[in-house]
Amino acid sequence: MENFTTKPGDNLEFQRQLRSLFSVLRTLIRLTSEGRSSVEDCSAYLEGRVSALAHVHQMMARAPDEGLDLEELLCNELLSQALPEARLAMGGPRIRIAPRYAVPLALAFHELTINALTHGAFASSTGEADIRWSVLIENGTSWLRVNWNESGFELPADSLQLKGFGFELIERMLPYELNARTAVRAVPEGLRVQLDIPASGDTPVWRLAAEPRGWREAL
Amino acid sequence: MAMKTDVEGAVLSGIGVLIVEDEYLIAQEVAEILRLQGATVLGPVAEAAGARKLLAEKRPDCALLDINLRGKLVFEFAAELQQLGIPIVLITGYDRSIIPVAFRHLPSLQKPVNSQTLITSIRKQTRVFLREVEPTSPR
């Protein structure tokens, strides 16, 4: 009999990922259905969230040891929604996210993208989104700061629409799993989201990539 | 999904359970199951360090420990709890062989956690406490 696993650790990590995937799915099905009146509405949100999970798991399977490129993680979400690229700017240093921590981040980017499409910058004809990330050092700890800013539209006063699963993800799950500090604010010109993620707790969460730009094209 | 599964109602009423689990959604689900049964939840927390802080404030009647916390095994902390005489229920996502011999006698729950098994394990582990508090309650 041939052994299909290449390394002894692979199978355990795969089991962990699979188990985690199903618990995420179970919870997001429950939270997506809560408070939604129509089946169509519910299934549209669910379909998007499941696709986001599929994208990030494909990335994790492709390069399990190298970690996931932050920009690719963002683009996966933004470009799959066919956003008007002329009104979207993004940039920052090349960052690799450890596979173990990629799922909550990918889901957070998905929720922000959907929010931008349905209530934010891309729900109006004039809105713009600017996504920047940088590395800060504070008391000897490196932090990855992601600023997701939407402007050029008026956010209805009563609707900071990151409710339910999206809200819980950013306000609670990222702080719990990544020790992140997160802030979501509605401002007169739009929406400001800031995610601060420390480089490491017990295991590294992210690192600055050493490889030059363009590694993706080589894959 | 957390559901009320025990017909007897709040069977963990008055029991304090410390939850140490690094996956947020699992931690929330387990906490919800226990709260529905009347338990007081300490945490949940994702790391042993956070759990030690909670322990300094309040002594739980039972601790529910995920054996792998962000890639670190929980057994050092489990030994501290044993020293304090706090009963433990383990949660595992892996093969049981990863559990050191000294901890194999502890009940261990396989993920995804079945709510009835969870409730039963905690009731078993806190049996002494229940007798002290409710000496007249029929079982």
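For the structure given in this document, a descriptive report is provided here. All figures in this text were calculated on a predicted structure; none of them were measured in a lab.

**Details of the sheet that holds strand β3 (residues 95-97) of chain A**
All names here are of chain A. Reading across the sheet, the 3 strands line up as β1-β3-β8 and stay open at both edges, with antiparallel pairing between neighbours. Because the sheet does not close on itself, it has two edges, and the strands there are β1 (68-69) and β8 (206-208). Relative to β3, β1 runs antiparallel, the two sharing 2 bridges. The residue of β3 that forms the bridge with L68 is I97.

**Some details on the interface of chain A and chain B**
Facing 22 residues of chain A, the contacting portion of chain B comprises 22 residues. Buried area between chain A and chain B, both sides added, is near 2200 Å², and the carbon and sulfur share of it is 50%. Linking chain A to chain B there are 3 salt bridges. Taking the shortest distance from any N to any O, the salt bridge between E23 of chain B and R19 of chain A comes out at 3.4 Å. Seen at the junction of chain A and chain B, the total is 10 residue pairs in polar contact (both at pLDDT 80 or more). For the side of chain A that touches chain B, the secondary structure elements donating two or more residues are α1 (8-33) and α5 (164-178) of chain A. Among the elements that line the side of chain A that touches chain B, the one with the most residues is α1 of chain A, at 10 residues. Among the residues forming the side of chain A that touches chain B, the class breakdown is 7 nonpolar, 6 polar and 9 charged.

**Some remarks on the environment of T113 of chain A**
Along the chain, T113 of chain A turns up in helix α4 (residues 102-118). The class of T113 of chain A is buried, set by a relative accessible area of 1%.

**What to know about the packing of helix α3 (residues 70-80) of chain A against α4 of chain A**
All names here are of chain A. The interhelical angle for the contact between α3 and α4, taken along N-to-C directions, is 40 degrees, at an axis separation of 9 Å. Taken together, α3 and α4 sit at an angle that is classed as oblique. You can see that α3 and α4 cross each other, and the crossing is right-handed. Contacts between α3 and α4 involve L70, L73, L74, E77 and L78 from the first element and A102, L105, A106, F109, H110 and T113 from the second. Looking at the contact of α3 with α4 residue by residue, the class counts come to 8 nonpolar, 2 polar and 1 charged.

**Brief notes about the side chain of E177 of chain A**
By the element assignment, E177 of chain A lies in helix α5. E177 of chain A gets classed as buried once you look at its relative accessible area, which sits at 12%. Those residues in contact with E177 of chain A that sit more than four places away from it in its chain are Y101 and P104 of chain A together with D22, E23, Y24, L25 and R70 of chain B.

**Here's the deal with unusual backbone geometry**
The phi torsion of most residues other than glycine is negative, and most of the peptide bonds are trans. With omega at 0 degrees, the peptide bond leading from G43 of chain B into P44 of chain B counts as cis. Position of P44 of chain B relative to the elements: it lies in strand β2 (residues 40-45). The residue N139 of chain A is not glycine, and still its phi comes out positive at about 50 degrees. Tracing the chain through its elements places N139 of chain A in the loop between β4 (128-138) and β5 (141-151). Classification of N139 of chain A by relative accessible area gives exposed; the value is 77%. The backbone of R70 of chain B sits at a positive phi, close to 50 degrees, despite the residue not being glycine.

**Concerning the pairing of strand β3 (residues 62-66) of chain B**
Residue and element names in this part refer to chain B. Counting buried positions along β3 gives 5 out of 5 residues, so the element sits mostly inside the fold. Here β3 shows a buried face lined by C62, L64 and D66 and a second buried face lined by A63 and L65. Bridge count between strand β1 (residues 16-20) and β3: 4 bridges; the pairing is parallel. Within the sheet, the bridge partner assigned to L18 lies in β3 and is A63.

**Concerning the sheet that holds β3 of chain B**
Residues and elements named next belong to chain B. In spatial order, the strands read β2-β1-β3-β6-β7; together these 5 strands make up an open sheet with parallel pairing. Both outer strands of the open sheet, β2 and β7 (108-110), are each paired with one neighbouring strand and no more. Sheet twist, expressed as the mean angle between neighbouring strand axes with direction ignored, is 20 degrees. Strand contacts of helix α4 (residues 115-125): β1, β3, β6 (88-92) and β7, with the helix running at about 150 degrees to β6, the strand carrying the most contacts.

**Things to note about the nonpolar core**
Core analysis: the biggest nonpolar cluster contains 61 residues, and L73, I97, F109 and L144 of chain A have the highest contact counts within it. At 9 residues, the largest contribution of residues to this core is made by α4 of chain A. Beyond its immediate stretch of four places on either side in the chain, L144 of chain A contacts L70, I95, I97, W133, S134, L195, D196, I197 and W206 of chain A. Grouped together as the second largest cluster of nonpolar side chains are 22 residues, A63, L65, I67 and I88 of chain B included.

About the criteria used
- Residues numbered from 1 in each chain as written.
- Chains lettered and ligands numbered in written order.
- Predicted model: local features only at pLDDT ≥ 70, side-chain atom pairs only at ≥ 80, totals over all residues.
- Heavy atoms only, no water.
- Pairing = 2+ DSSP bridges.
- Helix = DSSP H or I, 4+ residues; strand = E, 2+ residues; numbered from the N terminus.
- Contact = heavy atoms within 4.5 Å.
- Buried area = accessible area lost by both parts, 1.4 Å probe.
- Salt bridge = Lys/Arg side-chain N within 4 Å of Asp/Glu carboxyl O.
- Polar contact = N/O pair within 3.5 Å; in protein donor to acceptor, adjacent residues only side chain to side chain.
- Nonpolar A, V, L, I, M, F, W, Y, C, P; charged D, E, K, R; others polar.
- Buried < 20%, exposed > 50% of the residue type's maximum accessible area, 1.4 Å probe, protein only.
- Axes fitted to C-alpha atoms, helices over the stretch in contact; angles between N-to-C directions.
- Parallel < 35°, antiparallel > 145°, perpendicular 65-115°, else oblique.
- Left-handed = near helix turned anticlockwise from the far one by under 90°.
- Core = buried A, V, L, I, M, F, W, Y, C linked by side-chain atoms within 4.5 Å.

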